[in-house]
Amino acid sequence: RGHSKNLNLLLADLLVLMNKIPLANTWAYSPASDSKSFWGYVGIKNLGCICYMNSMLQQFFMTPTFRYAIMMADDKKEPELAPAKDGRMVDDNVLHQLQKMFGFLELSDRQDYNPFEFCFSFKDFDGNPVNVSIQQDTQEFLSMIFDKLERGLKNTPFRNILESVYGGKTCQQLICSNCGHVRSRDDTFYNLSLEVKNMKNIHDSLEKFIAGEVIDDFLCDNCKKKVSTTKRVCISQPPNVMIVHLQRIMFDWESMVNKKINSRLEFPHELNIEPYTLDGLEWRTQDGLEWREKQAEREKRGKATTESPVKKGGEEEVEEIGEESSPGVETGKDEEPLGPYMKHPKEYYEYRLAGIVVHTGTADSGHYYSYINTNRGDPSKQKDGASNKWLEYNDSTIRDFDVKSIESECFGGSQSESKSKDDDWGWDKGRDNSKNAYILVYERVVHEESESKFLETYLDLKNPENAQKYRVIDVVPGPEEKDAKSHKIYEVDYYGIKKFVPSVAYKKVWEDNHKFMFERHLYNDEFFKFIKDVCSAIRMPELTSQNVSNFVYLGHKDIPENSKESYLTIIKILANLIYSLLAKASDNKQISEICGFMKQLMSIVPESAYEFFEKIVMKDLKYTVELILTCTDRIVRSNLSQVILHCINVIISFYGLDLNLSKFVGKEEALEKSTEKGPLEIEYKVVNFLNMLLNIMPVEVAKAWTKMGQYFEFWRDFAQGGTPQVSYLFQKQMIAYLIDFYLEKKSPLGNEISEHKHSMGSSYTKAEFDALIQTLAVLMRRAKFVTASGKQPRTAQPHLQQFDLSANDHKCLDSIDFWEKTLSEKYDYTAFGVLIEHISFENEAFSSQICLLLLKGLNKANYDECRPYLEGITYFLNIKDDLQVKRIEWVLGYPQPVTQNARNGSLSFGVYGNSSIDDLVYNYDSLLNQENCNSLLNIILQNRKRLENLCVVCLRQLLLLCDINPAVFEYVVSLPPPSYNYAKFTDWARAFLDTYIADAKKYYYGGFPKEETGKETMKFLEAYEEKLSKKIQYNQTLISEFRGVKSEPVVINSEESKNGELKDHPQTASTNAVLKSVLPVYVIGRTKNEEKLQEIQLLEDSPDVRLIESQVHVFLKESLPNGTTNLAFPPSIVRESYIATSQVHPGSGVANFIQSMYSGSDSQPSTVQTDVLQALEMQNNVGNSEEGVNGEQKKAVGLEVINDEGVVQTLENPQQEFVYEINPFLRRFVAVNNTQNTYILEITLVRKDDNFLNFRFPTATLKYTLKPNSTSNLFTMTKIFPEIGWGDYKVTTNIMKLDIVTSNSNRSNDRAAASGVDADEHNGRRGARKPEILSIEYGGSTSSTSKRRCEVCYDMVSVGDIYCSGCHTPMGSDYSRDHYY
């Protein structure tokens, strides 16, 4: 620091060093952890599915005699170079590659050897390199490699090495049961294949191997008779190393598939095969002549069949077989039987377990690895009886193995058989253990002084004196051996071959070890820290937002020349360091800071950006793509993509590129050949690079879907780089390109952009599409978007240049599949919210579609799946435009009184007919009116007692919306309560959350943070209630001013009121207990009657489809809820939330709200109802009854009932002072469809002249489906203030016929009438035009004295009168039902 000369010297040396950096051939490379194992052995890297090969190659290598003999073999051939798939030239010679592999396994310092070249040279039967991605059988590999090595060693001095080490001979015999003649033939084997099925141990398998079979009617060559002949196989010459293949994978002829046999098969450490050899069978078999005499005696006794002459070793001696014949030679000569070990000593037949190849898995898939005795080949250790050291060779990993674990790891069988008694209790008890031995390697027990084992081989003896150590055999070729010369065979002791590595392999290993040592110093965090410290020592100008414009340092022209040279040198050093070292290193904690230095330097010296781009980025495009797309380290992908992006942004800014693609049309060929570096040539190369990155999206990016996040981060940040960058993306139709890629085969563009549609993601892992959604959001903010009103959404950027969307862009953005997938896959909520807000702005059609997706998804989601839908709802409702209230009504729902049929058949809207004051009296239905499209408020209410977690999560989001969105807050606080024990919609929430949090503390919920979620929701509720209290206080003042002096409740039928006394009145309760509300809340009782206001003919040419608007007169009372009950009712009837219907007198005022269990056609005089209706009409809807009527009602008391104890008692009328009124409190719309067609009806209520409307005005268009031959109750409204009229509004309708194609169930809309019929305008009071009153009265029986209203003057006329007494209009006796609905 501060010494420029020293710094320049250091930088020059570092630059030389960086140019010599070896590029690692793997990601996350760590030489420190890639060293040879602690035990001094090297593994073999698994390139895919070659464990079957690796496990057996390690067994070969750990046979020292075979290892060194292979490396000593010289075939005198030059390397047969051939191009591999990666472009490398590879020696296509299996022997050469095996020698090289053994050399690396012998001397390498690395953890493992890469067998790529060996796999390339190891061809299958069709001449193709072995497919490393396909699992194969180890036994098949054995056969293939022995065949290839036999051919490769043919012209070397070691052509007999395979037979000398692994080769043995079996003898096939045919034994005549009549004359005892034996016909035999020897065959060479390299592995012995034994049965496993139904075998307990390897001795059973060997017995099965030599058991043989009896062939009937076989013509004996000696006695010339057709007799029974025994055919058997035995071992005639044991090999030095015996490879035993256990037949665990067999073909099942019933299912026609391969199956694995996992049964238990035991095998010993020490194995004597003498009983299974030809020698062993000979001395156990008696003389053939004696056997024939005994056979004749048996035949005389009538025995038709003979016993097998072959017996197990150790049993009594039977007959002697004929003399062993050479291959193809028959003999009948008898010999005296020999005793055990007469031909060969005992050691000749004894083997010690040297290796095991284990297979775990099924017949179709699994894994192979080896256990190997590392002391094999060392007679001194075996002689001293030292404990044998076993290791596990599992591809690259080599670790210790306890030989005592062989039983549990290799024998197979059920889990309980392979475990100790203490462990035999788990879930897997009795299950087959798929991990078991597949290949056994046994090696002869050889003592140092023993000369019984020899290796037949050729030796190139440079010193003739060495010949004295060996036994020399002269070989003269026979006449059948053409072109063969006389030669000598040297029989060498089995352990006589010493360590040897060929010079070619030795040189390659030495070079690789030197490189490995160099890498250990470079791929080191200490070295990276040193480079970072060097960068920190360089004095660079501090970059700020004031001195940097568009990625370029404004003072770059004023930098001194010597400083600029230092900067350029360090840029070259960092470029090589980042691309060659840090990108490949596992220990790359410094990469972010070093890449930050790199970006700083490119901004300070902007002319260096193009040099980096040309000489590093463009030099190897394939490697550049790998760094961005396929590198296994996410940090590397992120930092490298940002360095490349910064480089491109600096080039665009420094050279003033606009990335206009039209300027290159017709100039491509000339620009490709040009060597100049002008702005046009530079821009052309930058555009080509960007095009290349874009073109790899359909295939390469799709295949790397688990790592493609940084690729799309590149495009996201590129889109924010400036106007030229955005211009390029819009010219390339990037929005359509991204959505087409994102939707795969569901793309609305089909194959227009790309013919390749690869599936991305799985049921376990989703593809990384967050950055793609973010890129779309960035581009949409720059899209030209102007509504009919001229306004733009809040997310737009009108101060920047905006670009037109292409037709493909529009087509993709209109795809409902895009929005569905983004919601269901839970991608970036913020970016998705920007897209929703931008496109939904003043777009009612699109807004309704998005709302349907949000609500349908939310209705299907569980508590852990609902977040994307709730986040989407938040953004959706925060859009501030003329449609905001409509969206709120769609999502939250519009209050609709719950309708039900009372016991007397009347239609009830309120508490009448309920059994609890807690029963829902309001639903909050979405005005979209679609199936599976329940509103957010309904979801919350319906899951309070069912899915509590979902309820709390949705409630939390609702309260959050109320906190951040004033429109939502105003809407929610003005809603009527869901039941009559509450005054507001949210009154139930606090008690519910208290119980929820207490339950969370009491019980543990591991899968969901229940307590934290409950407490967080409670905080939102407290903030909401604080705002709500201020709102209530403010509204109560306005309501008092609006109403003037608050009137006292009118008391009906109360004698006590005349004396100034009130008994059992709700007002006597504590007024502090009554919950307050923003708007007045009323209890709706039974329906008094319903009047038709208007009837709209919906089809111009037919009256069969019509809409009827009616007004419902109900009994009404002010609600006094306290959270548990409603104080408007006597406590004797409403006991907390329970309604005691048995305590309600049928003739009382309470009976108009609480349906008495004793109500019936004879219990309630209809004259009372008629008089009350007259009072309603005359007194402006106030139910003040006359005394005479009340007197009548009082006389009707004295009802005999049976109480809860079963005692008959007289029920008096204690509810005489109950206060209520009758009011036209509801209006509803009913549609009648008397046709066979299905229609879609749209209803819109339009406010007139901005007058006050005395109901919750639905701003959204109401859509309904009218089924054939049906009457549908569509929509019900309630007043806010019952004492005033409804206000002025008009009804607009629009109807469409829905054609249903039954052949394929497809639907198409055919507009039958779209004239937009305006209904007659009316107000709440109907001054000039009186409404038509329906004669059907709900809630009471009709007597012969009932009346109806005249259609002309609207006076009341008795049913029996022929003319109206007021206007003398004929009434008629058959009043048509067509006047009603």
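Preceding this section is the structure that the text describes.
Since we're looking at a predicted model, the values are computed, not measured. Each chain carries its own residue numbering, running from 1 in the direction its sequence is written. Per-residue local features are limited, in this predicted model, to residues with pLDDT of at least 70; the limit for side-chain atom pairs, both in listing and counting, is 80 or more; totals at the level of whole chains, interfaces and linings are taken over all residues. Calculation of side-chain values draws on the structure's entire complement of heavy atoms; hydrogens and water are dropped beforehand.

A. The arrangement of the overall build of the protein in detail. Strands here are runs of E lasting at least two residues and helices are runs of H or I lasting at least four, both read from the DSSP assignment and numbered beginning at the N terminus. Each helix and strand counted, the protein has 40 helices and 43 strands in total. A 1.4 Å probe rolled over the protein chains alone gives each residue an accessible area, and that area as a share of the maximum for its type sets the label: buried under 20%, exposed over 50%, partly exposed in between. With 1381 residues in all, the protein has 52% of them scored as buried. Carbon together with sulfur atoms contributes 48% to the accessible area of the protein, which is approximately 65,300 Å² in total. Every accessible area reported is derived by Shrake-Rupley at a probe size of 1.4 Å, with residue values counting cover from the shown protein chains alone.

B. Local environment of empty space enclosed by the protein. Residues are said to line a cavity or pocket when one of their atoms sits within 4 Å of a point; the points come from a 1 Å grid over protein atoms alone, cavities being sets where a 1.4 Å probe fits but cannot get out and pockets being open sets with protein on both sides within 12 Å along at least five of seven lines. Grid points are joined across faces, edges and corners, and a volume is the space filled by probe spheres set on the points. On inspection of all chains with the given rule, the structure shows 13 cavities of 30 Å³ or more. There is about 130 Å³ of room inside the second largest cavity. Lining the second largest cavity are 19 residues; nearest its centre among them are Pro976, Pro1080, Val1081, Tyr1082 and Arg1256. A class-by-class count of the residues in the lining of the second largest cavity yields 14 nonpolar, three polar and two charged. Gly is put with the polar residues, along with every residue not named as nonpolar or charged; the nonpolar set is Ala, Val, Leu, Ile, Met, Phe, Trp, Tyr, Cys and Pro, and the charged set is Asp, Glu, Lys and Arg.

C. Focus on helix H18 (residues 621–629). Turning to H18, its buried residues are Tyr623, Thr624, Val625, Leu627, Ile628 and Leu629. In this structure, the buried side of H18 is in contact with helix H15 (561–582), helix H17 (607–617), helix H19 (634–654), helix H21 (679–695), helix H22 (697–703) and helix H23 (709–719). Any two residues whose heavy atoms approach within 4.5 Å at even a single point are treated as in contact.

D. Layout of the packing of aromatic side chains. Pairing of aromatic rings covers Phe, Tyr and Trp, the last counted by its six-membered ring, and requires centre-to-centre distances within 6.5 Å; plane angles under 30 degrees mean stacked, over 60 mean edge-to-face, and any other angle means tilted. All chains considered together, the criterion is met by 58 aromatic pairs. With a centroid separation of 5.7 Å and 90° between ring planes, the pair formed by tryptophan 715 and phenylalanine 718 is classed as edge-to-face. On the criterion of helical spacing, the pair formed by tryptophan 715 and phenylalanine 718 is a turn pair, its members being three residues apart in helix H23. With 5.1 Å between their ring centres and 70° between their planes, tryptophan 819 and phenylalanine 846 make a pair best called edge-to-face. Taken together, the residues span a long stretch of sequence, with tryptophan 819 in helix H28 (residues 816–824) and phenylalanine 846 in helix H30 (residues 844–860) at a distance of 27 residues. Any Lys NZ or Arg CZ found within 6 Å of a ring centre and within 35 degrees of that ring's normal is scored as a charge over the ring. Across the ring face of tryptophan 27, the terminal group of lysine 584 is positioned such that the distance to the ring centre comes to 4.0 Å. Taking the ring centre of tyrosine 742 as reference, the NZ or CZ of lysine 821 above it sits at 4.5 Å.

E. Region of the structure containing the side chain of serine 608. Mapped onto the elements of the fold, serine 608 is located in helix H17. The term polar contact refers here to a pair of N or O atoms within 3.5 Å; inside protein, the definition further demands a hydrogen-donor-capable atom paired with an acceptor-capable atom, and it admits residues adjacent in sequence only when both atoms are side-chain atoms. For serine 608, the side chain forms a polar contact with the main-chain oxygen of valine 605, separated by 2.6 Å. In this structure, serine 608 is in contact with Leu568, Ile571, Leu601 and Met602, ignoring residues within four places of it in sequence.

F. How the structure looks around the side chain of lysine 100. Here lysine 100 is to be found in helix H4 (residues 94–107). Take lysine 100: its relative accessible area is 15%, and that puts it in the buried class. In this structure lysine 100 touches Tyr113, Glu117, Ala505 and Lys508, once residues within four positions along its chain are discounted.

G. Focus on the nonpolar core. If you look at the biggest cluster of nonpolar residues, it comprises 253 residues, and the most contacted ones within it are Trp715 and Leu892. Per-element tally for this core: the top contributor is H15, with 11 residues. Each residue touching leucine 892, except ones within four places of it in the same chain, is listed here: Leu877, Tyr924, Ser935, Leu936, Leu937, Leu958, Val968, Tyr971 and Val972. The nonpolar core is taken to be a set of buried Ala, Val, Leu, Ile, Met, Phe, Trp, Tyr and Cys residues, with the residues joined through side-chain atoms within 4.5 Å. In terms of nonpolar packing, the next biggest core, distinct from the first, is built from 61 residues, Ile50, Leu57, Ile243 and Tyr393 among them.

H. Here's a closer look at the packing of H21 against H23. Across the interface, H21 lies against H23 with an axial gap of 11 Å and an inter-helix angle of 135°. With respect to H23, the element H21 is oriented oblique. Along this stretch, H21 crosses H23, giving a crossing that reads as left-handed. Contacts between H21 and H23 pair Leu690, Leu693 and Leu694 from the former with Tyr711, Phe714, Trp715 and Phe718 from the latter. Of the residues that constitute the contact of H21 with H23, the class distribution is seven nonpolar, no polar and no charged. Here an axis means a line fitted to C-alpha atoms, over the contact stretch when the element is a helix, while the angle between two N-to-C directions is reported on a 0 to 180 degree scale. Reported orientations rely on four angle classes, namely roughly parallel under 35 degrees, roughly antiparallel over 145, roughly perpendicular from 65 to 115, and oblique for the rest. In a left-handed crossing the near helix is turned counterclockwise from the far helix by less than a right angle, and in a right-handed crossing that turn is clockwise.

I. Focus on helix H29 (residues 829–840). Each residue after the first adds 1.5 Å to the expected span of a helix. Across its 12 residues, H29 extends 16 Å between first and last C-alpha, which sits within 8% of the 16 Å expected from 1.5 Å per residue. Listed as buried for H29 are Tyr829, Ala831, Phe832, Gly833, Val834, Leu835, Ile836, Glu837, His838, Ile839 and Ser840. Where H29 is buried, its residues touch helix H26 (770–781), helix H27 (807–813), H28, H30, helix H31 (867–877) and helix H32 (884–892). Here H29 starts with a cap whose side-chain oxygen sits 3.3 Å from the backbone nitrogen of threonine 830, and that cap is aspartate 828.

J. How the structure looks around the pattern of salt bridges. The salt bridge criterion pairs a side-chain nitrogen of Lys or Arg with a carboxyl oxygen of Asp or Glu, the two atoms within 4 Å. For the coordinates displayed, the defined rule picks out 47 salt bridges. A salt bridge links glutamate 844 to lysine 886, with the nearest nitrogen and oxygen atoms 3.2 Å apart. You can see glutamate 844 sitting in helix H30 and its partner lysine 886 sitting in helix H32, a full 42 residues away along the chain. With its nearest N and O atoms 2.9 Å apart, the salt bridge here joins lysine 984 to aspartate 987.

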